[in-house]
Amino acid sequence: SSMSDCGFAMNFATNVKVSEEASLFFRFDRIYHYPTTDEVAAYHGGGLAQNFNFNLNPEEGENYEIGGKWIFGGWSATSSFYLTYLRNEICYDANSQMNVNLSPTQRIGCDLELAYDTKYWGASAMFSAVQARFDGGVYDGKDVPLAPNYYGNVCAYVSPFEWVRLSGRVTFISSQYVG
């Protein structure tokens, strides 16, 4: 059996320097993801009547993002806000034990980061918030599986020599529906 498909992906981004310390950016992505072999094939549950889902459609969508970055002294702060639409998102379905295409989804979110950096040490904190919901279909308005509402990390490092960096990181992720 052979398959072929054709898709279009692209991105466009622009960055505007507002001052020596600040810049603003905008980004647009046209998303296209053709199902990979690992997504088409079922490697577990050996007794399956069908081990491949050749009916998977490619994921397609659009992403819009706007943000800014500010640098002052050793400090930097970055923030961005985004809106992502996906159609045919590929997700594992426990009932069929196969990957399937989901109904359309929408993600609205923001990412925030604050960092301090010197030649010998630094620290940063990052926080991400997203509302990932189905946008139509049977689950309209429900949360998308495997999409946490909150994610973040705190990191610190020391660099006693130019070629050595020791760092520690703590990551937190909110609860999420299992997919």
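We now turn to the structure provided with this report. Remember, it's a predicted structure, so these values are computed and weren't measured experimentally.

1. A word on the sheet that holds strand 7 (residues 105–117)
Piece 1. Sheet architecture is open: eight strands sit in the order 1-2-3-4-7-8-9-10, paired in antiparallel fashion. The sheet is open, and its two edges are formed by strand 1 (10–17) and strand 10 (164–173), each paired on a single side. Strand-to-strand twist in this sheet, taken as the mean axis angle between neighbours without regard to direction, amounts to 10°.
Piece 2. Where strand 7 and strand 8 (residues 121–134) come together, 13 bridges link them in antiparallel fashion. The partner of Thr-105 across the bridge, within strand 8, is Phe-134.

2. Thoughts on the pairing of strand 6 (residues 98–101)
Piece 1. Here strand 5 (residues 90–93) runs beside strand 6; their pairing, made up of four bridges, is antiparallel. Within strand 6, the position partnered with Tyr-92 by the bridge is Asn-99.
Piece 2. In this structure, the hairpin formed by strand 5 and strand 6 is closed by a connection of four residues, where Gln-97 is found at a positive phi of approximately 55°.

3. Notes on the pattern of salt bridges
Piece 1. Within this structure, the stated rule accounts for six salt bridges.
Piece 2. For Asp-29, the salt bridge goes to Arg-27, with nearest N and O atoms at 2.9 Å.
Piece 3. What makes Asp-29 buried here is its relative accessible area of 9%.
Piece 4. Residue classification places Arg-27 among the partly exposed positions, given a relative accessible area of 34%.

4. A word on the side chain of Ser-124
Piece 1. Following the sequence through the fold, Ser-124 ends up in strand 8.
Piece 2. Apart from the residues within four sequence positions on either side, Ser-124 is in contact with Glu-113, Leu-114, Ala-115, Asn-153, Val-154 and Cys-155.

The rules behind each value
Residues numbered from 1 in each chain as written. Predicted model: local features only at pLDDT ≥ 70, side-chain atom pairs only at ≥ 80, totals over all residues. Heavy atoms only, no water. Pairing = 2+ DSSP bridges. Helix = DSSP H or I, 4+ residues; strand = E, 2+ residues; numbered from the N terminus. Axes fitted to C-alpha atoms, helices over the stretch in contact; angles between N-to-C directions. Salt bridge = Lys/Arg side-chain N within 4 Å of Asp/Glu carboxyl O. Buried < 20%, exposed > 50% of the residue type's maximum accessible area, 1.4 Å probe, protein only. Contact = heavy atoms within 4.5 Å.

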